[in-house]
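Topology and contacts: notes
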Amino acid sequence: QLSPARALLSAPFWLGGPTMASDYTPAAEGIPQYFLPMLDDRDRNLKYHAAITAAIRQFKAEQRRPPRVLDVGVGTGMLSAICLEAGCASVTGLDTNETMCHLADLHLGKLRSRGGGSFQVVHCPGGKAPAWFAGRRFDMLVSEILGTLTTSESMLKYLTKYARAHLDVFVDEATGERRVYAVPQRTAQHYASYAFPRADLGPTLSAVLEATLEAAAGRFLPTNDGGLGLGLHLYPRERVGPRRTFYEEDYTRWPFSHSHAHSKPEPLQLHAPPGGRTSDFLYLGLLEWDVTLWGRGDGAVGLSNSLDGYEAFGASFPDGGRNGFARAAAWGFFAMRLPQPVPRATGAPKLQIARLNGQTSAKPKITVDGVEYHEVLDDPQPQLAMAADTALPAAYLRALAAAADGERGRGRRLLIVNDISCGAIAVQAAAWGWQVTVVSEERTVADAVAAARAAAAADA
């Protein structure tokens, strides 16, 4: 039996977000890489702090006692710590991941000296609570099992399971509604189309991104560190066509509910932003979301995983750029390649979003111009970060020009081994007159170099 500290030191550390090649299955052990940027997401942490504090304050005012709280997916124990700080009577954290249970217990144990409510961390292998846990009752449920999608970690499925067995329902005497106290309260999943100017992406990134999207046709590409590793919020873009809300979940009443819209094929309204041609833009479909953690109207505490939401960090924090990087690394978006909007005899391309039930599936099924997206390409694509780095090839090219005594190429031969600029150095060197050969050990990098060179040839 390892102590919590020794157990953490011996735990595996694995990359990427939750595996979405199939519907979500919680990890049994290990520390997910995305936990680190998620904990560095100051906006997320402060929003959960405000929401849980308000929920416990409202419970005390309405029920005249502090709540017993159930934290589903306790993780590092952050939400449970907030509950204790806000004055709950007790908090019990559940998790399928034994490593994270050790970590939460270690973290929460440091709060004992501060007094307040009691806590307990319960390991639930395979999502099944131990037999002795049966019959335990709670007044409030808190959870942060969101992801790239609101459904990434099957939140509706697991919250319904534990609420049915353990959560008390409060009947509103005036309306007869079966109310529950839960954070979050509502989720909304959206689809949006964006046009990114190729000039702002740069020729190399534009070509490599387009080639990567085309190779993944029929599969969602996560933009977080487990996929593209690309902060799309850093690039100018314009939303084209309406933002469609296609799936929502409600945790304010029992039983919890979900709803779906936009199940019929609809025209994909793509166009060039004012002052540009369609060929000047790369078109992407992104899945974004908004969550109401607690409250209504102007007093609601909300969390947004959208490109516009990332930009708002700059107005909220002095280090807003860091917050954007943190959220892009942990969550990011699911991206789809959209057709280039050119006149066609068959009319505008169609978008269809099949009905989604968060109880049975973690992923939507979206058809764009006849191509169905449902599976996920859940492999890191390091060539995108390489292609996005413009400073590195510029430095190499300066060195190359100096090595050639300012004469650049003029028929000289250049061998590039493992081109980490994804073709940027090769293309410019060829334009200077070098005879260039590129050798790559990684197939993805070799394909990226080929895409960049093909795009440069087409431009020429």
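Residues numbered from 1 in each chain as written. Predicted model: local features only at pLDDT ≥ 70, side-chain atom pairs only at ≥ 80, totals over all residues. Heavy atoms only, no water.

Looking now at the overall build of the protein. Per the secondary structure count, the protein includes 14 helices and 24 strands. Taking 23 Å as the expected radius of gyration for a compact globule of 460 residues, we find that the protein reaches 25 Å, a close match to that expectation. In terms of overall dimensions, the protein has a C-alpha envelope of 85 × 55 × 40 Å along the principal axes. Among the 460 residues that make up the protein, the fraction classed as buried is 51%. Here the analysis covers contacts within the protein between residues at least 6 apart in sequence; of these, 74% occur between residues at least 24 apart. Accessible area of the protein: about 20600 Å², with a carbon and sulfur share of 52%. Side chains of the protein give 46 positive and 47 negative charges; the mean places of these two sets differ by 3 Å. (Helix = DSSP H or I, 4+ residues; strand = E, 2+ residues; numbered from the N terminus. Rg over C-alpha atoms; globule rule 2.2 N^0.38 Å. Buried < 20%, exposed > 50% of the residue type's maximum accessible area, 1.4 Å probe, protein only. Contact = heavy atoms within 4.5 Å. Areas by Shrake-Rupley, 256 points an atom, 1.4 Å probe, with all protein chains shown as cover. Lys, Arg positive; Asp, Glu negative; His and termini not counted. Charge placed at Lys NZ, Arg CZ, Asp CG, Glu CD.)

This part takes up the pairing of strand β4 (residues 90-95). Burial runs high along β4: six of the six residues are buried. A two-sided burial pattern is seen for β4, the buried positions comprising Ser 90, Thr 92 and Leu 94 on one face and Val 91, Gly 93 and Asp 95 on the other. Inspection of the sheet shows strand β3 (residues 68-72) paired to β4 by five bridges, in the parallel sense. Within β4, the position partnered with Arg 68 by the bridge is Ser 90. Viewed along the sheet, the connection from β3 through helix α4 (residues 78-86) into β4 turns out right-handed. (Pairing = 2+ DSSP bridges. Right-handed = clockwise from strand over helix to strand, strands pointing away.)

All right, on to the sheet that holds β3 then. Across the sheet, which stays open at both edges, the five strands sit in the order β5-β4-β3-β6-β9 with parallel pairing between neighbours. Sheet topology places β5 (118-123) and β9 (181-183) at the edges, where each strand pairs with a single neighbour. The average angle at which neighbouring strand axes cross in this sheet is 15 degrees, direction not considered. Each of β3, β4, β5 and β6 (140-143) touches α4; the most contacted strand, β4, lies at about 175 degrees to it. Its contacts with the sheet put helix α6 (residues 155-166) on β3, β4 and β6, and the angle it makes with β3 is roughly 155 degrees. (Axes fitted to C-alpha atoms, helices over the stretch in contact; angles between N-to-C directions.)

Two cysteines form a disulfide when their sulfur atoms are joined by a covalent bond. Counting across every chain of the model gives zero disulfides. With no disulfide of its own, Cys 124 lies 7.0 Å from the sulfur of Cys 101, the closest cysteine sulfur. (Disulfide = S-S within 2.5 Å.)

A separate point is the environment of Arg 337. Position of Arg 337 among the secondary structure elements: in strand β18 (residues 334-337). Note: C-alpha distance between Arg 337 and Leu 286 (51 residues apart in sequence) is 9.2 Å. Those residues in contact with Arg 337 that lie beyond four places of it in its chain are Glu 210, Leu 213, Glu 214, Tyr 283 and Tyr 373.

A few words on the nonpolar core. One finds Ile 52, Val 183, Tyr 191, Phe 256 and Leu 287 to be the most contacted residues of the largest nonpolar core, which totals 88 residues. Those residues in contact with Tyr 191, other than ones at most four positions away along the chain, are Pro 242, Arg 243, Arg 244, Phe 246, Leu 268, Gly 285, Leu 286, Leu 287, Met 336, Leu 338, Leu 351 and Ile 353. Judged by nonpolar contacts, the second largest core, of 29 residues, contains Leu 205, Leu 213, Ala 216 and Leu 284. (Core = buried A, V, L, I, M, F, W, Y, C linked by side-chain atoms within 4.5 Å.)

Attention now goes to the packing of aromatic side chains. Going through the model one piece at a time under the given rule, you end up with 16 aromatic pairs. The interplanar angle of 25 degrees and the centroid separation of 6.0 Å between the aromatic rings of Tyr 310 and Phe 313 together place this pair among those described as stacked. Of the two residues, Tyr 310 and Phe 313 are both situated in helix α9 (residues 307-316); the distance of three residues between them amounts to about one turn of the helix. Both residues of the pair, Tyr 310 and Phe 313, count as buried. Three or more aromatic residues link up through ring pairs in this structure, and these residues are Phe 59, Phe 170, Tyr 181 and Trp 294. (Phe/Tyr/Trp six-rings, centres within 6.5 Å; stacked < 30°, edge-to-face > 60°.)

Take the pattern of salt bridges next. Two side chains of opposite charge can pair, provided their charged atoms sit close to one another. Under the definition given, this model contains 21 salt bridges. When the shortest N-O distance is used, the salt bridge between Glu 62 and Arg 179 registers 3.2 Å. Placement of the pair is Glu 62 in helix α3 (residues 42-63) and Arg 179 in strand β8 (residues 178-179), with a sequence separation of 117 residues. Look at Glu 62 and you get partly exposed, because its relative accessible area is 36%. The exposure class assigned to Arg 179 is partly exposed, which follows from its relative accessible area of 25%. (Salt bridge = Lys/Arg side-chain N within 4 Å of Asp/Glu carboxyl O.)

We now examine the packing of helix α8 (residues 203-215) against helix α14 (residues 443-459). Viewed as axis vectors pointing N to C, α8 and α14 meet at an angle of 120 degrees, and their least axial separation amounts to 8 Å. Classified by the angle their axes make, α8 and α14 are oblique. The two elements α8 and α14 meet at a crossing, and its hand is right-handed. Note on element contacts: α14 touches α8 through Ala 448, Ala 451, Ala 452 and Ala 455, opposite Thr 204, Ala 207, Val 208 and Ala 211. Of the residues in the contact of α8 with α14, the class split is seven nonpolar, one polar and no charged. (Parallel < 35°, antiparallel > 145°, perpendicular 65-115°, else oblique. Left-handed = near helix turned anticlockwise from the far one by under 90°. Nonpolar A, V, L, I, M, F, W, Y, C, P; charged D, E, K, R; others polar.)

This part takes up the sheet that holds strand β15 (residues 266-267). With antiparallel pairing, four strands are arranged side by side in an open sheet as β15-β19-β20-β21. Looking at the sheet topology across the chains shown, the edges are occupied by β15 and β21 (371-373). Of the strand pairs in this sheet, strand β19 (residues 350-353) and strand β20 (residues 366-368) are connected by three bridges, and their pairing is antiparallel. Paired with Gln 352 across the strands is Thr 367, a residue of β20.

The next thing to look at is a nonpolar patch on the surface. Together, Leu 415, Val 417 and Val 439 make up an exposed nonpolar region whose accessible area comes to about 270 Å². Checked against the element boundaries, Val 417 lands in strand β23 (residues 413-417). (Patch = residues over 30% accessible without salt bridge, like charges linked within 9 Å, V, L, I, M, F, W, Y side chains within 5 Å.)

Moving on: unusual backbone geometry. The step from Val 183 to Pro 184 runs through a cis peptide bond, and the omega angle for that step is 10 degrees. Of note, Pro 184 is situated in the loop between β9 and β10 (186-197). The phi torsion at Ser 154 lies on the positive side, around 55 degrees, for a residue other than glycine. Judged by relative accessible area, Ser 154 falls into the buried class, the value being 6%.

Note that all results are geometric; they support no functional claim without further evidence.
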